[in-house]
Each structure stands twice: as C-alpha cells, then as structure tokens.
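Listed here are the chains, written in short residue letters.
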Amino acid sequence: MEKDSKIYVAGHSGLLGSAIVRKLEAEGYSDVITVSHGELDLTDQRAASAFFDRERPEYVFLAAAKVGGIQANAAAPASFFYENLMISANVIHAAYKNGAKKLLFFGSSCIYPRDCPQPIKEEYLLSDYLEKTNEGYALAKIAGLKMCAYYREQFGCGFISCMPTNLYGPGDNFNLESSHVLPALIRKFHEAKARGHRTVAIWGSGRPRREFMHVDDAADAGLFLMNNYDGGEHVNVGTGRDVSIHELAHMLQAESGYEGALVFDRSKPDGTPQKLLDVSKLNAMGWKSKIGLRDGVRQTMAWYAENAGGAAR
Ligand code: GFB
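All values reported here derive from a predicted model rather than from experimental measurement.

*Asks:* Run through the overall build of the chain, naming residues and quoting values.
*Replies:* When its secondary structure is counted, the chain shows ten helices and 13 strands. For 313 residues, the compact-globule estimate of 2.2 N^0.38 gives 20 Å, and the chain sits close to it at 19 Å. In terms of principal-axis extent, the alpha carbons of the chain reach across some 60 × 40 × 40 Å. Here the chain holds 313 residues, and 53% of them are scored as buried. When contacts within the chain are restricted to residue pairs at least 6 apart in sequence, long-range pairs at least 24 apart make up 81% of them. When the accessible surface of the chain is summed, it comes to about 13700 Å², and 49% of that surface belongs to carbon and sulfur atoms. The averaged location of the 37 negative side-chain charges in the chain is 3 Å from the averaged location of its 35 positive side-chain charges.

*Asks:* Give me the packing of aromatic side chains: which residues, what numbers.
*Replies:* All told, the structure shown has ten aromatic pairs when counted by the stated rule. With 5.7 Å between their ring centres and 85° between their planes, Phe 51 and Phe 52 make a pair best called edge-to-face. Residue class for Phe 52 comes out buried when judged on its relative accessible area of 0%. Arranged with centres 5.7 Å apart and planes meeting at 45°, the rings of Phe 189 and Tyr 258 form a pair that is tilted. With Phe 189 in helix H6 (residues 181-195) and Tyr 258 in the loop between helix H8 (245-256) and strand S12 (261-265), the pair connects residues that are 69 residues apart, well separated along the chain. For Phe 189, a relative accessible area of 0% gives the class buried. Among the aromatic residues, those joined into a cluster by ring pairs are Tyr 8, Phe 51 and Phe 52.

*Asks:* For the site of the ligand, give the residues involved together with the corresponding values.
*Replies:* Around the ligand, the surrounding shell holds 23 residues, and the nearest of these are Ile 70, Lys 188, Arg 210, Pro 269 and Asp 270. In the model, an oxygen atom of the ligand is placed 3.2 Å from a nitrogen or oxygen of the Asn 73 side chain. One of the backbone nitrogen or oxygen atoms of Ser 179 is found 2.9 Å away from a nitrogen atom of the ligand. Here the ligand loses 97% of its free accessible area of 700 Å² to cover by the protein chains. At the level of elements, helix H3 (70-75), H6 and strand S7 (199-203) are the ones that each hand at least two residues to the shell around the ligand. Across the shell around the ligand, the residue classes break down as eleven nonpolar, eight polar and four charged.

*Asks:* Talk me through the packing of H6 against H8; I want residue IDs and the actual numbers.
*Replies:* Helix-helix packing is described using two parameters, namely the angle between the two axes and the distance between the axes. Running from N to C, H6 and H8 point in directions that differ by 40°, and their axes come no closer than 10 Å. Relative to H8, the element H6 is oriented oblique. Every pair of crossing elements has a handedness; the one defined by H6 and H8 is right-handed. On H8, the residues touching Val 181, Leu 182, Leu 185, Ile 186, Phe 189 and Lys 193 of H6 are Ile 245, Leu 248, Ala 249, Leu 252, Gln 253 and Ser 256. Within the contact of H6 with H8, the residues separate by chemical class into nine nonpolar, two polar and one charged.

*Asks:* An account of H8 is requested, with residue identities and associated values reported.
*Replies:* With twelve residues, H8 should reach 16 Å at 1.5 Å per residue; the first-to-last C-alpha distance of 16 Å fits that figure. Listed in full, the buried residues belonging to H8 are Ile 245, Leu 248, Ala 249, Met 251, Leu 252, Gln 253 and Ser 256. One or two residues past the end of H8 sits Gly 257, with phi positive at roughly 80°.

*Asks:* Can you lay out unusual backbone geometry for me, pointing to particular residues and giving the numbers?
*Replies:* Of note, the bond from Gln 118 into Pro 119 is cis; its omega dihedral lies within 30 degrees of zero at -10°. Along the polypeptide, Pro 119 turns up in the loop between strand S4 (102-106) and helix H5 (135-155). At Arg 56, a residue that is not glycine, the phi angle is positive and equals roughly 45°. For Arg 56, the location among the structural elements is in the loop between helix H2 (45-55) and strand S3 (59-62). We classify Arg 56 as partly exposed; its relative accessible area is 48%.

*Asks:* Go over the sheet that holds strand S1 (residues 6-10), please, and point to the residues and values.
*Replies:* Ordered by their spatial adjacency, six strands build an open sheet running S2-S1-S3-S4-S5-S10, and the pairing between neighbours is parallel. A strand with exactly one partner marks an edge of an open sheet, and here the two such strands are strand S2 (31-33) and strand S10 (235-237). Averaged over all pairs of adjacent strands, the angle between strand axes in this sheet comes to 20°, irrespective of strand direction. As judged from the four bridges shared by S4 and strand S5 (residues 159-164), these two strands associate in the parallel manner. Pairing of Phe 105 across the sheet is with Ser 161, part of S5. Most of the contacts of helix H1 (residues 15-26) go to S1, to which it runs at about 155°, and overall it touches S1, S2, S3 and S4. Those strands touched by H2 are S1, S2 and S3, and its axis lies near 160° from that of S1.

*Asks:* Describe the nonpolar core, listing the residues and the values that go with them.
*Replies:* Counting residues in hydrophobic clusters, the biggest one holds 42 residues, and the most contacted among them are Tyr 8, Leu 42, Leu 62, Ile 92, Leu 103 and Tyr 112. Residue assignment for this core shows that the elements contributing at least two residues are S1, H2, S3, helix H4 (77-97), S4, H5 and S5. In terms of residue count, the dominant contributor to this core is H5 (seven residues). In this structure, Tyr 8 is in contact with Ile 33, Thr 34, Val 35, Leu 40, Leu 42, Phe 51, Phe 52, Pro 57, Tyr 59, Val 60 and Phe 61, ignoring residues within four places of it in sequence.

The rules behind the values
- Residues numbered from 1 in each chain as written.
- Predicted model: local features only at pLDDT ≥ 70, side-chain atom pairs only at ≥ 80, totals over all residues.
- Heavy atoms only, no water.
- Helix = DSSP H or I, 4+ residues; strand = E, 2+ residues; numbered from the N terminus.
- Rg over C-alpha atoms; globule rule 2.2 N^0.38 Å.
- Buried < 20%, exposed > 50% of the residue type's maximum accessible area, 1.4 Å probe, protein only.
- Contact = heavy atoms within 4.5 Å.
- Areas by Shrake-Rupley, 256 points an atom, 1.4 Å probe, with all protein chains shown as cover.
- Lys, Arg positive; Asp, Glu negative; His and termini not counted.
- Charge placed at Lys NZ, Arg CZ, Asp CG, Glu CD.
- Phe/Tyr/Trp six-rings, centres within 6.5 Å; stacked < 30°, edge-to-face > 60°.
- Near = heavy atom within 4 Å.
- Polar contact = N/O pair within 3.5 Å; in protein donor to acceptor, adjacent residues only side chain to side chain.
- Nonpolar A, V, L, I, M, F, W, Y, C, P; charged D, E, K, R; others polar.
- Axes fitted to C-alpha atoms, helices over the stretch in contact; angles between N-to-C directions.
- Parallel < 35°, antiparallel > 145°, perpendicular 65-115°, else oblique.
- Left-handed = near helix turned anticlockwise from the far one by under 90°.
- Expected span 1.5 Å × (residues − 1).
- Pairing = 2+ DSSP bridges.
- Core = buried A, V, L, I, M, F, W, Y, C linked by side-chain atoms within 4.5 Å.

Dropping the structure here:
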C-alpha cells in the first residue's frame, strides 16, 4: 500500500476493524474510507455493489462480520452463517468487479476441525469435523477464505486471507450473554469486586485451552500481510501460546483484586477442547506477536474501567 492509496476498512466500528483504522492512521495512510452500518448493509448485494462502484477502493480490509462468543454462536447458527456468508460474498465479488488491487479477508481459528492436532497448521483445514457450537460461523468463514483463493486462481485477484486466534482489547463486546470469555470475565470480576459478590461464575469446566491475542497485535499483523504477503494459502495469526480457561480466570481475578470464589458452571458448554495456532508461517515471514497476555489484559481492564458505562450494554 502507498500512503495515499484508497483503503476501505469494512467493519470499522468493530473490535478488529477499529484497531485496523487506528493502525492505518498511526502509520500515516491518508485515504482510509469507512461507512457506517446504518448507511451500508453489506449483506445487501445491491448496496455493497453500488458502494464499490462509487468508491473503487484499491485495498480492502474485510473485517466486517457478525461475531460472538460460544453462547451467541450456538443459539443463532442461521444468523451467523447467513450474515457472514453474505458479507463475504458481496464484498469479495464487488472488490473483484471494481478491480481492487488487494483484499485481506479475516477468518477465525474456529474454521479448523474440533479435534485437530495442536498447534494447528494451516493445512489442517477441512481435514475433519467442525466444533458444533460454532459450525455455522465457521462454515461461512471457510467459504470466505475459499472464495478469496478461487478468485485469485480464476481471475488473478490479489486476494489473501488470514485466520486470527481469539481476539480481545478495547472496544470489545462486554455483554455477558453474547461476548467472548475474556471480556466477559473482565466485566464479571469488575462488577463482583465493586458490588461485593461472594462468587463469580465461570462457564464450563475451565479445562478448554484458548490462545488470546490483543487486537492491536492482530491489526499490526493485518497491515504486515497486506504489505508483504501475496499467496493463495491462508495464514494463521496468533501468539503461539495458549492458557486454560481456569488459568485465565485466575489471572483476571488476581489482576482485578477480587477476593471471592470462582464457581465453574458445568451446565454451560466447553466448546473446542483446545485452539492453539501454529504461527510458524507468519513468523518465518518476519512478523511476531508483541503484546503479552498480562500486559494486554491490564490495558483492556483499564479501558473497561474507564468506559464501563458505554461498553456494559
Ligand atoms: O470465548 P468463548 O465464548 O468462545 O468461550 P470459543 C471460550 C471458553 O470460555 C468456553 C468459557 O469454554 C466457555 O465455556 N467461558 C467461561 C466463558 N466463562 C465464560 C463466560 O463468562 N463467557 C464466555 N463467552 N465464555 C468462539 C466461537 O468460540 O470463539 C466463535 O464461538 C469464534 O465462532 C470465537 O471463533 C473466536 O473460543 O469457544
């Protein structure tokens, strides 16, 4: 990308999209375009197509998606499948029709089979069954990444995809019904401490293992790939380290200063037993994660404390 290239960030108000906009601005990219969901519904093919015909961006970061934690995904597979499939299909096709030079599609580590060997290599995609709690979302994301690969193969488009691990950071969704585990636990400990609750509920057994990456790291990797990668295979984006939910809960408890007890609620699902990405491909290109979990968590907790009113929907 040149500093004056026209760059469209789809999903700029979300956790990842907003971090990408921050990063582009910090790096001096001067022509970054965004459009609110109210003005443009990317699931609407005509609207998406008209937007691209008008704006003709040269580079596209496709970070628009319907996302949610384990419970939101399990409760609404149709919505997660439909919305994500439509967004990907409409944006990728419109970018192709309007001659975008490059598009970076963001997927998710949940595209991989539920029980695949760890750490997860890119080549394990479609080698076995998916995790049921997020199958609809995963299938839509697999379709998106395959679509980029097919458009590259058939039409010579410079479309690439990456699969970030579980992201967190400022601007995350802190709604306890629909959020991911890390923001949920930040909020639970924050409120439990403030209100003097005797216990905090942690969903599931605490045994599943997850890899958490600060969203600023993911945005940094996104810009790196846009500027340095031009291949048909998707690229894993992660830290290379995972923790159990039990360990995460104890870390967040210690950081929050909450002194009550943790209660594991086994009526809630565990989901995939482990999701740790093999990031050797990205590392070999010269990119490495920089934000450690403890530092990232501290920064996000401070952000939440500062913005709790707004974020605690
Ligand atoms: O982050 P999370 O919702 O999503 O849950 P997934 C991770 C683990 O944390 C699960 C446990 O084992 C949860 O049961 N957990 C413990 C909690 N306490 C809580 C809590 O208060 N809230 C939540 N949400 N979880 C999602 C997928 O899977 O990850 C998406 O559904 C996407 O498709 C995303 O891929 C990154 O890691 O299990």
